[in-house]
Amino acid sequence: MQKTLFFLVINFLTLQSSAINFQKIDSLIDNKQYLSAWNALTELENGVNGVDAHIKKINLSLRYFTKTFSHESFYFNNLKKGQNLINLRLLVKDKKLPMYTYKIAEVIDSLQKSNPKDYRLKKLQGDFYYDISIIYDKDWIINKQEVTRRMYEGYTTAEDHGIEDHISLYALGYFWNINDKRKKSQNYFMRSLQIDSNYAPTHYNLAYLYLEQDSLELALYHGLKAYNLYKYINYKNDAGQMAGSILGKLGRHSEAITLLLDCDKLIPNTYYTYYYLLNSFLAKKRIIESIVTAQNMFNLDCKSHTINTDIINLFIQNNQLVALEQFYKDRLKEEKYDKEYRGYVYLHLAQAFQMKNKTKEYLINIELAKENFNTCYDSDHPVFQVIEKMKR
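The residue count restarts for each chain, going from 1 along the sequence in the order it is written. Owing to the predicted nature of the model, reporting of local features is limited to residues with pLDDT of at least 70; listing and counting of side-chain atom pairs is limited to 80 or more, with chain, interface and lining totals taken over all residues. Only heavy atoms go into the side-chain values, all of them from the structure, while hydrogens and water stay out.

Draft legend 1. Quick peek at the layout of surface pockets. Buriedness for pockets is judged along seven lines, at least five of which must meet protein on both sides within 12 Å for an open set on the 1 Å grid over protein atoms alone, while cavities are sets there where a 1.4 Å probe fits but cannot get out, and lining residues have an atom within 4 Å of a point. Grid points are joined across faces, edges and corners, and a volume is the space filled by probe spheres set on the points. Volume-wise, the second largest pocket comes out at about 160 Å³. Labels follow the DSSP assignment, with helices taken as runs of H or I lasting at least four residues and strands as runs of E lasting at least two, numbered in each case from the N terminus. Looking at the lining of the second largest pocket, the elements that each hand over two or more residues are α18 (339–355) and α20 (382–391). For the lining of the second largest pocket, the element with the most residues is α18, which contributes 4 residues. Partitioning the lining of the second largest pocket into residue classes produces 5 nonpolar, 3 polar and 1 charged. When residue character is reported, Ala, Val, Leu, Ile, Met, Phe, Trp, Tyr, Cys and Pro are called nonpolar, Asp, Glu, Lys and Arg charged, and the others, Gly included, polar.

Printed below as a string of structure tokens:
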């Protein structure tokens, strides 16, 4: 009886001690003392609460590393007041640093074999391979298909045992979306938002789903939510462009212009920002702003058939052929001696007149384009094939 009581007391004290240790580690993480937290977890990982320690250690490694190599070795810092982890990662990107080896995939496999009924480890498997799929564009140590399979298997097994969060449900929604199961995808996204209504990626992907269904008001709601929630400017800019395009489709061009001008401040000289801006400026008959925006697009690549076709189509769709003609004539005034440049401007003008069935103006400009190209290109240059096709 006394022995039993003794072991119960020891077990209770051990559990209480572990709880206190984990509380201290959580406090270290909250205070951005990531290296100290890592060291403390390393001391606990072989103890009675080793599984809990490894789960915390893997989550710490996925979220708070300063540098990693293939997610098999890591470097950590204790952040000083005012330091930013993202900026610190950029600073050490090309530096050689002493790394801690921690092969997460192998650790998870080992823990699952020892604890087959602990389905938190399946959720952890999903989290790990989800991170791998996001961070590594090309194949990781294993190929993308296998990474996706392991993510899916981990998350679905955990879900079957009641273990899920907004990220796992989002990831499964994304999985079904790329596999063309739109209704299933939408269901997972909605479940994700029920857990965390402020998760920007879920709103962003729901916006695209609703856009595909022509449910523009719902698409706009989620697009604007994503735009307002994203902190990383590249993602914020993408969401803003999408919301701006939807506002244009809804005829709310003034709102679209305001939003897209904000996007241009976030990341200047972005093609789709200019494209949607041009669409809304032309719809509002703001011709001066339209010309400025078209010039910004043109300056990205004056030779581009795609860019200039978009410019031409938008002007013609809004019955602004005169303004379009003047736009290209102004480009000719800017550069009188560069024959290649002038050749392309005449070619774009010819394309515009051809679209409006203005044969005389079209033929004049196609010949001017050919005349300029003859002075800078050999006769077998592909541009002459384009000109011959346009003449037919």
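Draft legend 2. Local environment of the state of the cysteines. The definition used for a disulfide is geometric: two cysteine sulfur atoms within 2.5 Å. Using the criterion set out here, one finds 0 disulfides in the structure. Looking at Cys302, it has no disulfide partner, and the nearest cysteine sulfur is the one in Cys376, 12 Å off. Accessible area is worked out with a 1.4 Å probe on protein chains only. A residue is then buried under 20% of its type maximum, exposed over 50%, and partly exposed in between. A relative accessible area of 36% places Cys376 in the partly exposed class.

Draft legend 3. Summary view of α18. Helix length check: α18 (17 residues) gives 24 Å between terminal C-alpha atoms against 24 Å at 1.5 Å per residue, within 8%. Extensive coverage of α18 is indicated by the burial of 13 of its 17 residues. Counting of polar contacts relies on pairs of N or O atoms within 3.5 Å, with two restrictions inside protein: one atom must be capable of donating a hydrogen and the other of accepting it, and residues adjacent in sequence are counted only when both atoms are side-chain atoms. At the N-terminal end of α18, a side-chain oxygen is found 3.2 Å from the backbone nitrogen of Glu340, two or three residues along, and the residue is Asp338. Helix span is expected to be 1.5 Å times the residue number reduced by one.

Draft legend 4. Representation of the sheet that holds strand β1 (residues 67–69) within the structure. Only when DSSP finds a minimum of two bridges between them are two strands counted as paired. Taken together, the 3 strands give an open sheet; going across it, the order is β1-β2-β3, and neighbouring strands pair in antiparallel fashion. Each having just a single partner strand, β1 and β3 (100–101) make up the two edges of the open sheet. Alignment of β1 against strand β2 (residues 73–75), held across 3 bridges, turns out to be antiparallel. Directly across from Thr68, in β2, lies its bridge partner Phe74.

Draft legend 5. Main features of the pattern of salt bridges. Here, a salt bridge means any Lys or Arg side-chain nitrogen found within 4 Å of an Asp or Glu carboxyl oxygen. By the definition in use, this model includes 21 salt bridges. Glu45 is the partner of Lys57 in a salt bridge, and the nearest nitrogen-oxygen pair spans 2.6 Å. Residue Lys57 is located in helix α3 (residues 50–64), and its partner Glu45 is located in the loop between α2 (34–44) and α3; the two are separated by 12 residues in the primary sequence. On the basis of relative accessibility, which here comes to 3%, the residue Lys57 falls in the buried class. In this structure Glu45 comes out as buried when scored by relative accessible area, which is 17%. The shortest N-O distance in the salt bridge between Glu325 and Lys329 comes to 3.0 Å. Taken together, the positions of Glu325 and Lys329, both in helix α17 (residues 321–334) and 4 residues apart, correspond to about one turn of that helix. Residue Glu325 is classed as partly exposed on the basis of its relative accessible area, which comes to 22%. One salt-bridge network, in which partners are shared between bridges, spans Asp52, Asp118 and Arg120.

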